[in-house]
Amino acid sequence: MALWDIFHTLWHPGGFGRIAHSVFQVVWGATKRVLPSHTRHLAGPFGILGTVMLWTGLVVVGWTLVYLPHMQQGFYFGSALRPEESSDVLAALYLSLVTVATLGFGDITPADPALRLLTPFEALLGFVLLTAAISWILQVYPALGRRRSIAKRLDILQSSHSTDVVAGGEPSIVSRMLDAVTEGVIQAETDLMQYAESYYFVEEEEELSLAATLPYALELADAGKRSPSQEVRLSAAMLAAAVDSLALRLDHAYLKTGSAAPDVLASYSADHGFVPHAG
């Protein structure tokens, strides 16, 4: 179960393992309903931590059950240990913990040939768990950086009241500006497809939150559609299509509103603790 979930969460394109998904949903619900609102940004990191701990627990318990039937006859015990004073369950759990942690104290060693082959495999799983945790962090945080980048761009455009420029500005400049926003929105959707858990990472600063700034992309698209320039209208239509596609993915995977893009984006903002600015 743990290995299957690791594969789907970290290495399967567009995947999100059921265990990881469940952990993130529980943490997300807790940060929204139980913990103070200012702790919502901890949902993502706590989700990763809780998932890795659960993966580790599954591996430890699973191997404990493998060792348990063989504790009396299948292992050698060091002279400092007194197996008769501890239960087989505790001894098997202890062996599983030190093996998955790759500590290898050597006070309990396998005597059965089959167990001699199996025990190093658990140590290998310990390396897999460590590698998975590091890989996960190295994968998801660059995606969050790209998401914050497009959010900051939208925030700057909004603070500059760019809709008037989009509607009647120099076509070549406006078109490039809209295309840059479109590229960022497409990248955000691609990252969300690849790293579904990134949805549960919440930015503390509103100007860095895509949930808070994405509604302005629709305002830019609407302004561009009013431009007399065909080039600008095309760029605006592409931006609107990119935002609609991202909104559809957000609604299908997380929000479940069944609404049009503007309402989905409003729900996205509210789910992350923000209120979109009025146009």
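Residues numbered from 1 in each chain as written. Predicted model: local features only at pLDDT ≥ 70, side-chain atom pairs only at ≥ 80, totals over all residues. Heavy atoms only, no water.

### Quick notes on the UniProt feature "transmembrane region" (unreviewed entry) in the protein
Stage number 1. Per the UniProt annotation, the sites labelled "transmembrane region" (unreviewed entry) are residues 46-68, 89-111 and 123-144.
Stage number 2. Spanning residues 46-68, this segment combines 96% helix with 0% strand, and its end C-alpha atoms are found 32 Å apart. (UniProt positions renumbered as here; feature names shortened; annotations may be inferred. Helix = DSSP H or I, 4+ residues; strand = E, 2+ residues; numbered from the N terminus.)

### Some words on the packing of aromatic side chains
Stage number 1. Scanning all chains against the criterion turns up 15 aromatic pairs.
Stage number 2. Ring geometry for Tyr199 versus Tyr254: centroids 4.1 Å apart, planes at 5°, classification stacked. In this pair, Tyr199 sits in the loop between helix H7 (171-194) and helix H8 (210-213) while Tyr254 sits in helix H10 (residues 230-255), placing the two residues 55 residues apart along the sequence.
Stage number 3. Using a relative accessible area of 16% as the deciding quantity, one classes Tyr254 as buried.
Stage number 4. An aromatic cluster of three or more residues is present, and its members are Phe16, Phe24, Trp28, Trp55, Trp136, Tyr199, Tyr200, Tyr254 and Tyr268. (Phe/Tyr/Trp six-rings, centres within 6.5 Å; stacked < 30°, edge-to-face > 60°. Buried < 20%, exposed > 50% of the residue type's maximum accessible area, 1.4 Å probe, protein only.)

### Observations concerning the packing of helix H3 (residues 43-67) against helix H4 (residues 88-100)
Stage number 1. At a closest axis distance of 8 Å, the pairing of H3 and H4 adopts a crossing angle of 130°. Taken together, the axes of H3 and H4 lie oblique to each other. The handedness of the crossing between H3 and H4 comes out as right-handed. Together, Val59, Val60, Trp63, Thr64 and Tyr67 of H3 and Val89, Ala92, Leu93, Leu95, Ser96, Leu97, Thr99 and Val100 of H4 make up the contact between the two elements. (Axes fitted to C-alpha atoms, helices over the stretch in contact; angles between N-to-C directions. Parallel < 35°, antiparallel > 145°, perpendicular 65-115°, else oblique. Left-handed = near helix turned anticlockwise from the far one by under 90°. Contact = heavy atoms within 4.5 Å.)

### Considering a nonpolar patch on the surface
Stage number 1. A grouping of Trp4, Phe7 and Trp11 is seen on the molecular surface, where their side chains present a nonpolar patch of about 380 Å² in accessible area.
Stage number 2. Assignment of secondary structure puts Phe7 in helix H1 (residues 2-11). (Patch = residues over 30% accessible without salt bridge, like charges linked within 9 Å, V, L, I, M, F, W, Y side chains within 5 Å. Areas by Shrake-Rupley, 256 points an atom, 1.4 Å probe, with all protein chains shown as cover. Salt bridge = Lys/Arg side-chain N within 4 Å of Asp/Glu carboxyl O.)

### Examining a negative patch on the surface
Stage number 1. On the surface, Glu170, Asp179, Glu183 and Glu231 cluster together to form a negatively charged patch.
Stage number 2. Following the sequence through the fold, Glu170 ends up in the loop between helix H6 (163-168) and H7. (Lys, Arg positive; Asp, Glu negative; His and termini not counted. Charge placed at Lys NZ, Arg CZ, Asp CG, Glu CD.)

### As for the environment of Asp244
Stage number 1. Locating Asp244 in the fold gives a position in helix H10.
Stage number 2. Given a relative accessible area of 38%, Asp244 falls into the partly exposed group.
Stage number 3. With near-sequence residues (within four places) excluded, Asp244 lies in contact with Leu218 and Ala261.

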